[in-house]
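As a plain string of letters, each chain reads:
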Amino acid sequence: MSDLLDYKCPNCGGALEFDTALQKMKCPFCDSTFEMSELEQKDDVLNQPAEQAPAFEGAPKQDEFNWNDAGQDWNGEDENMSVFVCNSCGGEIVGDTNTAATSCPYCGNPVVMSGRLSGMLKPDYVIPFQLDKKAAKAKLKEYVTSKKFAPSTFKSENKLEEIKGIYVPFWLFDSQINAAVNYEATKVRTWSDSKYNYTETSVYDIYRSGRIKIDSLPVDGSSKMPDDLMESIEPYDFSKAVNFQTAYLAGYLADKYDVDMQASVPRANERIKHSAEDTLRDTVVGYTSVTPKISNVQLINGVSKYALYPVWLLNTSYKGEKYTFAMNGQTGKFVGNLPLDKGKLAGVCSGVAAGAAVIVFAVGRLLGFI
């Protein structure tokens with residue numbers, strides 16, 4: 001039985017870590033490096049194909065989403081993997097048996113060991129970290145500096161308390177969809193003569209349909225990670241994903257999914273429906289307004305897979321308040337909320353108001369009212 005996350009350097013016995021720059025395993029003690037393929041035997045990568053859903057027949061009257069789930073059991077490999085639970089927020093983080101007590105990447109409080117991964121699925125894929133901790137710190141500085149309405153003191157007094165590289169669980173959904181939408185569109189024409197102004201509104205009934213392919217649409221499988229936060233650091237380039245090996249997790253944390261595939265389906269369906277409607281909407285051009293009336297989406301051959309995506313979480317404090325930022329560990333896309341300097345905002349608003357008053361005064365003088 002292979003150990004999880006417990007990779008020892010054959011030269012000095014030190015713990016190997018995944019190096020984002022080299023995309024190899026590296027020993028921080030003797031600087032020895034190893035290709036990922038050299039450690040592949042430590043994992044039993046399963047390649048069981050998912051079943052195909054029934055083919056589409058005819059135009060349905062209602063949306064239809066039928067998914068075949070994918071996923072593989074750990075087959076006993078979880079014996080060397082533990083779950084650490086935060087006493088404050090309940091967050092669950094996966095680590096190996098040698099992981100010391102650490103702090104929660106979500107709220108910063110200490111976490112304690114709880115148990116094993118009984119009943120959990122093994123990821124199919126992982127996107128390795130491409131950016132390291134240094135890059136995440138630099139992005140935070142760049143992000144804060146770019147925000148004009150953040151307090152000036154936030155840039156100097158903001159304290160970085162915690163930075164964690166964490167693999168977040170995602171359910172990925174692949175399918176083809178048949179979509180059809182009816183729109184009501186208008187074209188408005190205006191003109192005038194010496195006596196009247198005229199407006200003519202023409203109303204059109206427009207129909208669009210098509211088959212659209214959806215590849216690796218992600219829905220995060222962690223209830224601690226807000227969907228909007230994870231979606232805001234998209235997209236990820238799934239073409240850079242590799243078959244899961246526990247070696248990629250060395251030196252990082254891995255979130256334990258607590259939202260299973262079936263529970264993620266409603267969010268996936270919602271995103272797919274909106275994506276299909278937006279794609280078809282982009283083909284309706286040349287109208288003053290376009291309003292969808294009826295839409296229908298049917299999913300064809302829908303399958304899911306399970307993957308881990310890299311995220312840097314940064315917890316900071318400012319005047320007694322905590323602020324959390326997230327960075328896509330593959331692309332560097334950075335998001336987070338900042339405090340607002342009301343004085344700066346008020347100054348801009350008063351400047352806009354003053355500018356508007358000057359314009360009104362100038363127009364009034366021009367027309368002879370002032």
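As the structure is a computational prediction, the values presented were derived from the model and not from experiment.

Draft legend 1. Spotlight on the pairing of strand S12 (residues 197-220). Taken together, the 22 bridges between strand S11 (residues 159-192) and S12 define a ladder with antiparallel strand orientation. Across the sheet, the residue bridging to Ser 192 is Asn 197, located in S12. Hairpin connection between S11 and S12: a loop of four residues separates the two successive antiparallel strands.

Draft legend 2. Representation of unusual backbone geometry within the structure. Each neighbour pair has its own omega, and for Glu 234 with Pro 235 the value is 5°, a cis peptide bond. Inspection of the secondary structure assignment puts Pro 235 in the loop between helix H3 (227-232) and strand S13 (242-243). A positive phi is found at Gln 23, a non-glycine position, where the angle reads about 55°. Residue placement: Gln 23 occurs in the loop between strand S1 (17-19) and strand S2 (24-26). You can call Gln 23 partly exposed: its relative accessible area is 26%. With a phi close to 55°, Ser 216 is a non-glycine residue in the positive phi region. Looking at the secondary structure, you find Ser 216 in strand S12.

Draft legend 3. Representation of the sheet that holds S1. Taken in spatial order, the three strands make up an open sheet running S1-S2-S3, and their pairing is antiparallel. Edge positions in the sheet fall to S1 and strand S3 (33-34), since each of these pairs with one other strand and no more. The pairing of S2 with S3 spans two bridges and is classified as antiparallel. Across the sheet, residue Lys 26 finds its bridge partner in S3, namely Thr 33.

Draft legend 4. Representation of the pairing of S11. Judged from the 26 bridges that link them, S11 and strand S15 (residues 289-318) form a sheet pairing that is antiparallel. Considered in S15, the bridge of Ile 166 is made with Val 311. With two bridges joining them, S11 and strand S14 (residues 253-255) adopt parallel strand pairing. By the bridge assignment for S14, Ile 166 is matched with Leu 253.

Draft legend 5. Structural view of helix H4 (residues 261-281). An ideal rise of 1.5 Å per residue puts 30 Å on 21 residues; H4 measures up with 29 Å between its terminal C-alpha atoms. At Arg 267, H4 is bent by approximately 30°, the largest bend along its length. Those residues of H4 that sit buried are Met 261, Ser 264, Val 265, Ala 268, Asn 269, Arg 271, Ile 272, Lys 273, Ala 276, Glu 277 and Leu 280. Between a side-chain oxygen at the N-terminus of H4 and the backbone nitrogen of Gln 262 the separation is 3.3 Å; the capping residue is Asp 260.

Draft legend 6. How the structure looks around helix H1 (residues 133-146). With 14 residues, H1 extends 20 Å between its outermost C-alpha atoms, agreeing within 8% with the 20 Å of an ideal straight helix rising 1.5 Å per residue. The set of residues buried in H1 consists of Ala 136, Leu 140, Tyr 143 and Val 144. Viewed along the axis of H1, the buried residues span an arc of 95°, placing them on a single side of the element. Exposed and oriented more than 90 degrees from the buried face of H1 are Lys 134, Lys 141 and Glu 142.

Draft legend 7. Quick peek at the nonpolar core. Residues Met 25, Tyr 167, Ile 177, Trp 312, Leu 314 and Phe 325 are the most contacted members of the largest nonpolar core, which totals 56 residues. Counting only elements with at least two residues in this core, the list comes to H1, S11, S12, H4, S15 and strand S16 (321-328). Counting residues per element, this core draws most heavily on S11, which supplies nine residues. Ignoring anything within four residues of it in the chain, the contact list for Phe 325 reads Leu 140, Tyr 143, Phe 154, Trp 312, Leu 313, Leu 314, Thr 316, Phe 334, Val 335, Gly 336, Asn 337 and Leu 338.

Draft legend 8. Structural context of the environment of Asn 178. Topologically, Asn 178 is positioned in strand S11. Each C-alpha atom, one on Asn 178 and one on Leu 299, is 6.5 Å from the other, the two residues being 121 residues apart in sequence.

Draft legend 9. Region of the structure containing the packing of aromatic side chains. Overall, the coordinates contain 19 aromatic pairs when judged by the stated rule. On the basis of an interplanar angle of 65° and a centroid distance of 5.3 Å, the ring pair of Phe 129 and Trp 312 is categorised as edge-to-face. One end of the pair, Phe 129, is in the loop between strand S10 (125-126) and H1; the other, Trp 312, is in strand S15, with 183 residues separating them in the sequence. When its relative accessible area of 0% is taken as the criterion, Phe 129 is described as buried. Taking relative accessible area as the criterion, Trp 312 reaches 4% and is therefore assigned buried. With a centroid separation of 5.8 Å and 80° between ring planes, the pair formed by Tyr 167 and Tyr 252 is classed as edge-to-face. Taken together, the residues span a long stretch of sequence, with Tyr 167 in strand S11 and Tyr 252 in the loop between S13 and S14 at a distance of 85 residues. Tyr 252 matches Tyr 167 in its accessibility class, with the two residues each being buried.

Conventions we followed
- Residues numbered from 1 in each chain as written.
- Predicted model: local features only at pLDDT ≥ 70, side-chain atom pairs only at ≥ 80, totals over all residues.
- Heavy atoms only, no water.
- Pairing = 2+ DSSP bridges.
- Helix = DSSP H or I, 4+ residues; strand = E, 2+ residues; numbered from the N terminus.
- Buried < 20%, exposed > 50% of the residue type's maximum accessible area, 1.4 Å probe, protein only.
- Expected span 1.5 Å × (residues − 1).
- Bend = angle between axes of the 7 residues up to and from the residue.
- Polar contact = N/O pair within 3.5 Å; in protein donor to acceptor, adjacent residues only side chain to side chain.
- Arc of directions from axis to C-beta.
- Core = buried A, V, L, I, M, F, W, Y, C linked by side-chain atoms within 4.5 Å.
- Contact = heavy atoms within 4.5 Å.
- Phe/Tyr/Trp six-rings, centres within 6.5 Å; stacked < 30°, edge-to-face > 60°.

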